[in-house]
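Here is how the chains run, residue by residue.
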Amino acid sequence: MAKRPLSSILTRGWGQGVVLAAATLLTSCIPQSRATPDQPLQPHPTIVSLNPCTDAILAEVADPAQILAISHYSKDPRSSSMDAAKARDLPSTRGTVEEVLSLQPDLVLGSTFVDPAAANAYQRLGLQFEPLGMAATIADSRAQIRQIATLAGHADRGEALVARIDAALASAAAPAAAVPIPTVVWQSGGMVPGDGTLIADIMRHTGFTNFAAARGLGQADFLPLEKMLADPPAIMLVAGQSAETGKGDDRVLSHPALKALGATQRANLDPKLLYCGGPTIIAAARQLAKVRTSYNAHALVRGAGGGPVNQRGSAK
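From a predicted model like this one, the values you see are computed outputs, not experimental measurements. (Residues numbered from 1 in each chain as written. Predicted model: local features only at pLDDT ≥ 70, side-chain atom pairs only at ≥ 80, totals over all residues. Heavy atoms only, no water.)

This part is about the nonpolar core. The biggest cluster of nonpolar side chains holds 52 residues, and the ones touching the most others in it are Leu-109, Ile-235 and Leu-237. Take this core: its biggest share by element is 8 residues, from helix 11 (residues 280-306). Among the nonpolar cores identified, the runner-up in size contains 15 residues, and Leu-101, Val-108, Ala-121 and Leu-127 belong to it. (Core = buried A, V, L, I, M, F, W, Y, C linked by side-chain atoms within 4.5 Å. Buried < 20%, exposed > 50% of the residue type's maximum accessible area, 1.4 Å probe, protein only. Helix = DSSP H or I, 4+ residues; strand = E, 2+ residues; numbered from the N terminus.)

All right, on to the state of the cysteines then. This model, assessed by the stated rule, comprises 1 disulfide. Disulfide partner of Cys-53: Cys-276, at an S-S distance of 1.9 Å. Residues Cys-53 and Cys-276 are joined by a disulfide whose S-S torsion is about -75°; by sign, that bridge is left-handed. Residue Cys-53 is found in helix 3 (residues 52-61), and its partner Cys-276 is found in the loop between strand 11 (265-268) and helix 11; the two are separated by 223 residues along the sequence. Relative accessible area serves as the criterion here: at 5%, Cys-276 is assigned to the buried category. (Disulfide = S-S within 2.5 Å.)

The next subject is the layout of surface pockets. Space inside the largest pocket adds up to approximately 370 Å³. Along the walls of the largest pocket sit 24 residues, with Ser-80, Ser-81, Met-82, Asp-83 and Ala-84 positioned nearest its centre. For the lining of the largest pocket, the elements supplying multiple residues, two or more each, are helix 3, helix 4 (84-89) and helix 11. (1 Å grid on protein atoms, 1.4 Å probe; cavity = no way out; pocket = protein on both sides within 12 Å on 5 of 7 lines; lining within 4 Å. Points joined across faces, edges and corners; volume = space filled by probe spheres on them.)

Mapped onto the elements, Asp-55 comes out in helix 3. Buried charged residue Asp-55 carries no salt bridge. Nearest counter-charge: Lys-75, at 9.3 Å. Contact partners of Asp-55, with chain neighbours within four places excluded, come to Ser-49, Leu-50, Ile-70, Ser-71, Ser-74 and Met-82. (Lys, Arg positive; Asp, Glu negative; His and termini not counted. Salt bridge = Lys/Arg side-chain N within 4 Å of Asp/Glu carboxyl O. Contact = heavy atoms within 4.5 Å.)

Any link to function would need more than the numbers given here.
This is the structure:
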């Protein structure tokens, strides 16, 4: 079973009283940043990023010298959404108010899950704080990339990243006449991403239908094994353990009863591809295109040996 929602890995807040007390003390002992909420940013501001999704985009659109720190999550392979070499080359922060303020950034990129008291403390201490939500669609991610690139003073780099994403999606798209393949993304404990999630949108763009969303399930809902066995999908993408689910309980993912799903093709999907937009979309689209190609190849073999193949890949 999943032990905590995704917001818990993007948020490490203090209690309101502790944060505001710290803000009061820090105002008198740590220099202020160069920007205040009432002043415009520098053309190329210095920036601290507090979550792995903004880390990955920022590393693509800002100069290295502008990035004073990325989140510590991007140093952990289980939660990082950015290139490992880039993450190693950049300093990181655990996101405490004292630590961020000591870096004296012009801009702090956080998430909408950040404790409001912490966000208020940043602004009281003279830092411009920009809360950024999780992109639920590819369009949301394009907008977020452009926002971050503009804030960093490199709007052209944002457009270049958007163009790379669009090219990857075009390359990974299924042929126009192809029938979308019913596919479930299965995580530890049987958790699934339903509709209104970024991975669901990427799946639609690459030739799949979201098996969980078609059954009314949303983000972080659970699909009982019994329902999977009674009405199996064509493909099961096993995402397994992640920074979100923790160690989880993967007995569901390897349950002996799954052997009965002879017509269901299994493939692995890196759980790091499920949540963040930006350059992660490129990797996710490429991985899904490989899965679709493999599925179609297996379907052709089964069809040649046993007659026509239906959309689940089993011979009619």
